[in-house]
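Architecture at a glance
This is what each chain is made of:
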Amino acid sequence: MPLQVSDYSWQQTKAAVFISVPLRGVCVRDADVFCTENYLKVNFSPFLFEVFLYAPIDDENSKAKIGNDTIVFTLYKKELAMWENLSVSGADKEMMQRIREKSILQAQERAKEATEAKAAARREDQKYALNVMMKIEEEERKKIEDMKENERLKATKELEAWKECQRKAEEQKRIQRAEIFCEQGKQIEEERNKLKHKSLTRNAASRNLATKGRNSENMFLEKLKEDSIPAPRSVGSIKINFTPRVFPTALRESQVAEEEEWLHKQAEARRALNTDIPELSDLKEEEKNPEWLKDKGNELFAKENYLAAVNAYNLAIRLNNKIPLLYLNRAACHLKLKNLHKAIEDSSKALELLTPPVPDNANGRMKAYIRRGTAFCQLELYIEGLQDYEAALKIDPSNKIVQNDAEKIRKIIQGTELKS
């Protein structure tokens, strides 16, 4: 049974009460202080100091100072007045027990409120962080789309300029060919005139030489044929067509086998339609098209109707479960709806379908890693989230936003380790 401390001293003003309690050689760490607006207790084994206060105090702003084998309390009164005694008078055991229980309940309620406030603040911080992350991702996506559009316009202008140069070169060649044909035509005309003149001269000579027979005339005709010039061949153009490559990468830098496998898988995925489900028989024709459903889900996602978007993607996946973009887009919806485990499952399924890794599916693989890493971080699985962000950086090492997010996750992991 603890020993009650009675050799304490106290003073008061209209605003505060000052209590000095000796610790009797007890270590400061062993002193346990409990204070509410009507009750004060100090337990330092084997001693116990307990007082049922005369009037309520402001226990949140009151202070206790321990040192020099003494604990000094500064208790601020809720009402400015002088107390007749430190403790309430005429308190029996039942009343004191009731005050103790009431004080414990008040302390428990305050602790519960503090815990709930801390949890609410933490949820708000997580919501804010998620909104910031999604905003950054949207800005990055828009920036990438703008860059793609600028590159497309630049390539179009370069192609038009190249076509104009080719057209001018062809026009120049055509003019040169026309000039050459004109010169050749003049030369041929001159040769024909010469031959005509020679033939007239020879005909006159043949009439004068009547003694020559048929053999001489045949020899003259053969000589005339030998001197004739053939007409020039007609001009034409030859067109050469090369087999186009689906992937723009140079052949020496590409992975032909992986690219062909990816194209084959995409073609198989487009043909793999499951329209034999009985409950889908009453759907319209366009509603049985996974591509149409995917576009519909994208429109609903843009309007922030995430549940409807998930339903559209669900139906598209039931019709064709081989299209990775359906899982990737549904993972984005689950992130918005805080369905973090489902977001991880859909991102993992998308990564499974985005194989083999080729440049054509690099953007999809990067989004899948980022969305799965975001879900891991919201579940406070920061190590798994950091692994996915590092995998995304391997695909695009120059992405500054992903680099900054990965660095923040590393700092969180280091801070957690230091605290533990």
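Quick caveat, the model's predicted, so the values are computed rather than measured.

Cut-offs used in this document
- Along each chain, residue indices are assigned from 1 in the same order as the chain's sequence is written.
- A pLDDT threshold of at least 70 governs which residues receive local features in this predicted model, and a stricter bar of 80 or more applies before side-chain atom pairs are shown or counted, although totals over entire chains, interfaces and linings include all residues.
- To get the side-chain values, take all heavy atoms of the structure and skip hydrogens and water.
- A run of DSSP states H or I qualifies as a helix once it reaches four residues; a run of E qualifies as a strand once it reaches two. Both are numbered from the N-terminal end.
- Here a helix's expected span is defined as the number of its residues, less one, multiplied by 1.5 Å.
- Exposed residues in this analysis have more than 50% of their type's maximum accessible area, buried residues have under 20%, and partly exposed residues fall in between, with area computed by a 1.4 Å probe over protein chains only.
- The contact definition used throughout considers only heavy atoms, calling two residues in contact when any of these lie within 4.5 Å.
- Polar contact criterion, stated in full: a pair of N or O atoms within 3.5 Å, where within protein one must be able to donate a hydrogen and the other to accept it, and residues adjacent in sequence count only if both atoms are side-chain atoms.
- We call Phe, Tyr and Trp rings a pair once their centres come within 6.5 Å, taking the six-membered ring for Trp, and we label the pair stacked below 30 degrees between planes, edge-to-face above 60, and tilted otherwise.
- When DSSP finds two or more bridges between a pair of strands, those strands are recorded as paired.
- UniProt positions are given in the numbering used here, feature names are shortened, and annotations may be inferred rather than shown by experiment.
- The rule is simple: put a 1 Å grid over the protein atoms alone, call a set of points where a 1.4 Å probe fits but cannot get out a cavity, call an open set with protein on both sides within 12 Å along at least five of seven lines a pocket, and count a residue as lining if it has an atom within 4 Å of a point.
- Grid points are joined across faces, edges and corners, and a volume is the space filled by probe spheres set on the points.
- Any residue outside Ala, Val, Leu, Ile, Met, Phe, Trp, Tyr, Cys, Pro, Asp, Glu, Lys and Arg is labelled polar, Gly included; the first ten of those are nonpolar and the last four are charged.
- An automatic or database domain assignment provides the domain bounds reported here.
- Within this scheme, the nonpolar core is defined by two criteria: the residues are buried Ala, Val, Leu, Ile, Met, Phe, Trp, Tyr or Cys, and they are joined through side-chain atoms within 4.5 Å.

**Brief notes about helix α5 (residues 306–319)**
The end-to-end C-alpha distance of α5 is 20 Å, a good match for the 20 Å that 14 residues give at a rise of 1.5 Å each. When we look at burial in α5, the residues that qualify are Tyr-306, Ala-309, Val-310, Ala-312, Tyr-313, Leu-315, Ala-316, Ile-317 and Leu-319. Buried positions along α5 lie against α4 (290–302) and α6 (324–336).

**Quick look at the environment of Arg-410**
Checked against the element boundaries, Arg-410 lands in helix α10 (residues 400–419). With a relative accessible area of 26%, Arg-410 lands in the partly exposed category. Separated by 3.5 Å, the side chains of Arg-410 and Glu-390 make a polar contact.

**Notes on helix α9 (residues 382–395)**
Because an α-helix completes one turn every 3.6 residues, residues spaced three or four positions apart along the sequence face the same direction. Counted at 1.5 Å a residue, the expected span for α9 with its 14 residues is 20 Å, and the 20 Å between its end C-alpha atoms agrees. Inspection of α9 places Gly-385, Leu-386, Asp-388, Tyr-389, Ala-391, Ala-392 and Leu-393 among the buried residues, and these make up the whole buried set.

**Concerning the packing of aromatic side chains**
Tallying each qualifying case throughout the model produces four aromatic pairs. Taking the centre distance of 5.2 Å and the plane angle of 40° together, the rings of Tyr-39 and Phe-52 count as tilted. Remark: Phe-52 occurs in strand β6 (residues 47–52) and Tyr-39 occurs in strand β5 (residues 39–44); sequence separation between them is 13 residues. Taken together, Phe-34, Tyr-39 and Phe-52 form an aromatic cluster joined through their ring pairs.

**Focus on the sheet that holds strand β4 (residues 32–35)**
Pairing within the open sheet is mixed, and its four strands lie in the order β1-β6-β5-β4. Each end of this open sheet is capped by a strand with a single partner; those strands are β1 (3–4) and β4. The pairing of β1 with β6 spans two bridges and is classified as parallel. The residue of β6 that forms the bridge with Gln-4 is Leu-48.

**Points about the UniProt feature "repeat: TPR" (unreviewed entry) in the protein**
The UniProt entry lists residues 366–399 under the feature "repeat: TPR" (unreviewed entry), expressed in the numbering used here. Between the first and last C-alpha atoms of residues 366–399 the distance is 11 Å; the span itself is 79% helix and 0% strand.

**Side note on the layout of surface pockets**
By volume, the largest pocket is sized at about 1400 Å³. Only α1 (93–208), α3 (256–271), α4, α5, α6, α8 (362–378), α9 and α10 provide two or more residues apiece to the lining of the largest pocket. Examining the composition of the lining of the largest pocket, we find that 10 residues originate from one element, α1, more than from any other. Tallied by class, the residues present in the lining of the largest pocket amount to 26 nonpolar, seven polar and 16 charged. Here the lining of the largest pocket gathers at least three residues from each of two domains, domain 2 (91–190) and domain 3 (289–414). Considering only enclosed or pocket space, the second largest pocket measures out at about 700 Å³ in volume. Lining the second largest pocket we find 25 residues, and of these Gln-126, Ala-129, Cys-377, Gln-378 and Tyr-382 sit closest to its centre. Looking at the lining of the second largest pocket, the elements that each hand over two or more residues are α1, α8, α9 and α10. Per-element accounting of the lining of the second largest pocket gives the leading share, 12 residues, to α1. Class assignment of the residues belonging to the lining of the second largest pocket gives a composition of 12 nonpolar, four polar and nine charged.

**Digging into the nonpolar core**
What tends to happen in soluble globular proteins is that the nonpolar side chains get buried as a cluster. Core analysis: the biggest nonpolar cluster contains 20 residues, and Ile-19, Val-21, Phe-44, Phe-49, Phe-73 and Leu-75 have the highest contact counts within it. Among the elements of the structure, β3 (16–22), β5, β6 and β8 (70–76) are those that each provide at least two residues to this core. If sequence neighbours within four positions are ignored, Val-21 has contacts with Val-5, Tyr-8, Phe-44, Phe-49, Thr-70, Ile-71 and Phe-73.

**Quick notes on unusual backbone geometry**
Of note, the bond from Thr-355 into Pro-356 is cis; its omega dihedral lies within 30 degrees of zero at 0°. Following the sequence through the fold, Pro-356 ends up in the loop between α7 (340–353) and α8. The phi dihedral of Lys-338 falls on the positive side, at around 65°, and the residue is not glycine. In this structure, Glu-380 is a non-glycine residue whose phi angle is positive, near 65°. For Glu-380, the position within the fold is in the loop between α8 and α9.

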